[in-house]
Amino acid sequence: MAKKLRWTPSETIQIAHDEIGVAARHLDRLGDRGITAAFLDETRGLVEGASAALSGQPVRLGAQKGSTQAVLQAQATAGRIAVAIRGAVERVFPKRNDIHKVMGVGAVDPGASVVKALAAVEAVLEGAASYPAEVATAGVLPRDLDALRASRDVLRTSEGTQENAKDAKKAGTAARDDVLQDLTRRVDRILAAAELEFVEERDILAEFRGPIPTKTRTKKPPSEG
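Keep in mind the model is a prediction, meaning the values are calculated, not measured. (Residues numbered from 1 in each chain as written. Predicted model: local features only at pLDDT ≥ 70, side-chain atom pairs only at ≥ 80, totals over all residues. Heavy atoms only, no water.)

Draft legend 1. Representation of the layout of surface pockets within the structure. Empty space within the second largest pocket amounts to approximately 280 Å³. In terms of lining residues, the second largest pocket is bounded by 13 residues, among which Asp32, Arg33, Asp153, Ala193 and Leu196 are the most central. The set of elements that each furnish at least two residues to the lining of the second largest pocket consists of helix 8 (142-166) and helix 9 (172-197). Its residues placed into classes, the lining of the second largest pocket shows five nonpolar, no polar and eight charged. (1 Å grid on protein atoms, 1.4 Å probe; cavity = no way out; pocket = protein on both sides within 12 Å on 5 of 7 lines; lining within 4 Å. Points joined across faces, edges and corners; volume = space filled by probe spheres on them. Helix = DSSP H or I, 4+ residues; strand = E, 2+ residues; numbered from the N terminus. Nonpolar A, V, L, I, M, F, W, Y, C, P; charged D, E, K, R; others polar.)

Draft legend 2. Looking closely at the confidence of the model for the chain. With 77% of its residues at a pLDDT of at least 70, the chain reaches an overall mean of 80. Counting contacts from residues 61-65, a segment whose pLDDT is below 50, to residues more than four positions away or on other chains yields nine contacts. Long-range and interchain partners of residues 216-225, a stretch whose pLDDT sits below 50, account for zero contacts in this model, where long-range means more than four residues apart. (pLDDT = per-residue confidence, 0-100. Contact = heavy atoms within 4.5 Å.)

Draft legend 3. Region of interest: helix 6 (residues 114-130). Between its first and last C-alpha, helix 6 extends 24 Å over 17 residues, near the 24 Å set by a 1.5 Å rise per residue. Of all the residues in helix 6, the buried ones are Val114, Ala117, Leu118, Ala120, Val121, Ala123, Val124, Leu125, Gly127 and Ala128. (Expected span 1.5 Å × (residues − 1). Buried < 20%, exposed > 50% of the residue type's maximum accessible area, 1.4 Å probe, protein only.)

Draft legend 4. Expanded view of the environment of Phe198. Within the secondary structure, Phe198 is located in the loop between helix 9 and helix 10 (202-209). Along the chain, Phe198 and Phe208 lie ten residues apart, while their C-alpha atoms are 10.0 Å from each other. Those residues in contact with Phe198, other than ones at most four positions away along the chain, are His26, Arg29, Leu30, Ile204, Leu205 and Phe208.

Draft legend 5. A look at the side chain of Ser151. Along the chain, Ser151 falls in helix 8. Residue Ser151 is classed as buried on the basis of its relative accessible area of 6%. Reaching out from Ser151, the side chain makes a polar contact with the backbone oxygen of Leu148 at a distance of 2.7 Å. When neighbours within four sequence positions are excluded, Ser151 is seen to be in contact with Thr77, Ala78, Ile81 and Val121. (Polar contact = N/O pair within 3.5 Å; in protein donor to acceptor, adjacent residues only side chain to side chain.)

Draft legend 6. Structural view of helix 1 (residues 9-25). Its 17 residues place the ends of helix 1 25 Å apart at the C-alpha level, agreeing with the 24 Å of an ideal helix rising 1.5 Å per residue. The complete set of buried residues in helix 1 reads Pro9, Thr12, Ile13, Ile15, Ala16, Glu19, Ile20, Val22 and Ala23.

Next comes the structure, spelled out in structure tokens:
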């Protein structure tokens, strides 16, 4: 059973549509935070699918066609970055078994599956947090770790899209609500990235916040008598 929606279906679709437009204008600043052209294209596909479902049509998303490929690409990317960081640490600190163990140095092909790719990402990030000086000495830059986090986020999103694609037997309303929930999560990702990237640029932040409905108090009619 789908969770309660944050906004009405029509609001969710419109908000996602508007946020895609704002993010597209600032894509050069958001790419390393996981808000990429591919991410926005997938989100547009979800908007189209949700719009069709709202009008009574079956949920058939264009984005679903490439969902499996998206997962394979994301897990390969996450695996390559993790391997590169592990390799740098191992070369600079060949005898530091303590760091190797935490970071999973020597693990077999982290890009072989979603589970292995995510495990590799978490291990590398844990190692970077536990041994920041050594990791920096190995030449790993903050943007390398940012890229790793971004690949993890894309992988999680792609995996979720794939699961939606596989679940074709759901009832129409439940399937539609799953898509709307996915759109809501994507809106949250765009907003989170914007809040970090434009923390000192209030005018740009206002563009991202603008499509989000605000709660308004409704005045009660005056009592008679």
